[in-house]
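Reading the structure
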Amino acid sequence: SLQIGLGQALKFVGEFREAAAILEEAFQNLLHQSLVVDSIALLPVLVQGLRELADIRLREGSPDEAVAHLQAGLDAVGEEAAQRHPQLWRSLVDRLAWVRFRQGKLDEAFGLASSATLELASGSEDDPVTLASLYNTLGGVFWQWGNLPEAANYVENSLELYQSTGYAWGMAIAYSNLGVLHYVQGLWPEAVDHFEHAYTLRRENGYLPEQALNLSILGQLRIAMGEHAQARKDLETGLAISQRLGEGYGIVIAEIGLAQLAVTQSRFQDAIAHIDTVMDLSEAAGEHQVTHARWLLALAQAGMGDLQTGLETAAQALETAQTSGLAEMETDCRRVLGTLHARAGDYLEAETLLRE
């Protein structure tokens, strides 16, 4: 248990390799102990360790390994885990739902998170932190599906639960997600306020990986607000932290932000270089970020004079968004595709896409 706590602490400060090594050593000790101790008594420790190791693998850009660890945990608690060990089962399903969300498998993420919340109510004293985490995932799914009011409702409930337990890490996540929801609605001052709340919590508590992600998303917001110099500073700082930690997802978010800034400033070759990095890390990125990178690539290709290739890339991005049920990305893809059709002189198709 002490080793797993140390592994978790190292994960929070971004020491993923050392954290994973300590967790794996803890598992070896558990296997030895299980020969002489009731294995049921060791289940909570085993489940906590597998959840932490899965989270590390996801951060390193290996979601399939994360799923394997979580499935091992579900196998350990048994077929009737939801009835016999409900808290352990929920904690594993919660993380599995999150991994599926990050991979862009929204229907599966929704099904998992919904199944784990059926017997819990808001404010439940049974397991408020896990419930808050499940609400956060459900909020993310509804955001991707384009249902912003429902998304905001879930995230606000998540924040209230985290505040009730004083859990700073969870509060920062909820503030960040509220920032994203305000950002996509064009409520930029409110979004900045939420992101700054999150960043303060993460800086005070030393959550380095989340600090990097916070800076990168804040950088994308500053691009929309026209604050390009500060945006670049935030994005490059976030990228440097993620590169030092070796966190693939954080690198992806920063590179997409830098690509978006480069497109905005007509530095199309720079944009393509950033997008190439995203594509090299596609497993860590998930469908949402890959789709984002593709419509940015379409704009860069058109900006460099290859309008036909840009149209093809934008159409491919739209197809991915539709297939994956990414409503927000589908909106952006139609906007980009409509803009490029207008450049090509196909105004009727452009108008149709933009109206859609």
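Attention here is on the structure that accompanies the text.

Analysis parameters
- Residues numbered from 1 in each chain as written.
- Predicted model: local features only at pLDDT ≥ 70, side-chain atom pairs only at ≥ 80, totals over all residues.
- Heavy atoms only, no water.
- Helix = DSSP H or I, 4+ residues; strand = E, 2+ residues; numbered from the N terminus.
- Buried < 20%, exposed > 50% of the residue type's maximum accessible area, 1.4 Å probe, protein only.
- Contact = heavy atoms within 4.5 Å.
- Expected span 1.5 Å × (residues − 1).
- Arc of directions from axis to C-beta.
- 1 Å grid on protein atoms, 1.4 Å probe; cavity = no way out; pocket = protein on both sides within 12 Å on 5 of 7 lines; lining within 4 Å.
- Points joined across faces, edges and corners; volume = space filled by probe spheres on them.
- Nonpolar A, V, L, I, M, F, W, Y, C, P; charged D, E, K, R; others polar.
- Salt bridge = Lys/Arg side-chain N within 4 Å of Asp/Glu carboxyl O.
- Axes fitted to C-alpha atoms, helices over the stretch in contact; angles between N-to-C directions.
- Parallel < 35°, antiparallel > 145°, perpendicular 65-115°, else oblique.
- Left-handed = near helix turned anticlockwise from the far one by under 90°.

Next up on the list: the side chain of Gln211. Take Gln211: it is sitting in helix α12 (residues 208-224). Taking relative accessible area as the criterion, Gln211 reaches 9% and is therefore assigned buried. Sequence-distant contacts of Gln211, defined by excluding residues within four places in its chain, comprise Tyr199, Arg202, Arg203 and Gly206.

Our next topic: helix α15 (residues 268-280). Here α15 contains 13 residues, and its C-alpha end-to-end distance of 19 Å stays within 8% of the 18 Å for a straight helix at 1.5 Å per residue. Listing the buried residues of α15 in full gives Phe268, Ala271, Ile272, His274, Ile275 and Val278. Buried residues of α15, seen end-on, are gathered within an arc of 165° and therefore sit on one face of the element. Looking at the buried positions of α15, the neighbouring elements they touch are α14 (248-264), α16 (282-285) and α17 (287-303).

Here we take up unusual backbone geometry. Here Ser266, not a glycine, exhibits a phi torsion of approximately 65°, which is positive. Mapped onto the secondary structure, Ser266 falls in the loop between α14 and α15. Given a relative accessible area of 49%, Ser266 falls into the partly exposed group.

We now examine empty space enclosed by the protein. Applying the stated criterion across every chain, the model contains one cavity of 30 Å³ or more. Each pocket or cavity is described by its volume, and for the largest cavity that value is around 40 Å³. Taken together, Arg51, Ala54, Asp55, Leu58, Leu70, Arg95, Trp98 and Val99 make up the full set of residues lining the largest cavity. For the lining of the largest cavity, the secondary structure elements donating two or more residues are α3 (39-59) and α6 (86-102). Per-element accounting of the lining of the largest cavity gives the leading share, four residues, to α3. Considered class by class, the residues forming the lining of the largest cavity number five nonpolar, no polar and three charged.

A few words on the pattern of salt bridges. Throughout the structure, instances matching the rule amount to 16 salt bridges. Among the salt bridges present, the one from Arg59 reaches Glu210, with a minimum N-O distance of 2.6 Å. One end of the pair, Arg59, is in helix α3; the other, Glu210, is in helix α12, and 151 residues separate them in sequence. As far as burial versus exposure is concerned, Arg59 and Glu210 are alike and both buried.

This next bit is on the packing of helix α11 (residues 188-205) against α12. Interhelical geometry of α11 versus α12 gives an angle of 160° and a closest axis separation of 10 Å. The orientation of α11 with respect to α12, classified from their angle, is roughly antiparallel. Taken as a pair, α11 and α12 cross one another with a handedness that is left-handed. Seen from α11, the contacting residues are Trp188, Ala191, Val192, Phe195, Glu196, Ala198, Tyr199, Arg202 and Arg203; seen from α12, they are Glu210, Gln211, Asn214, Leu215, Ile217, Leu218, Leu221, Arg222 and Ala224. Residue composition of the contact of α11 with α12, by class: 11 nonpolar, two polar and five charged.

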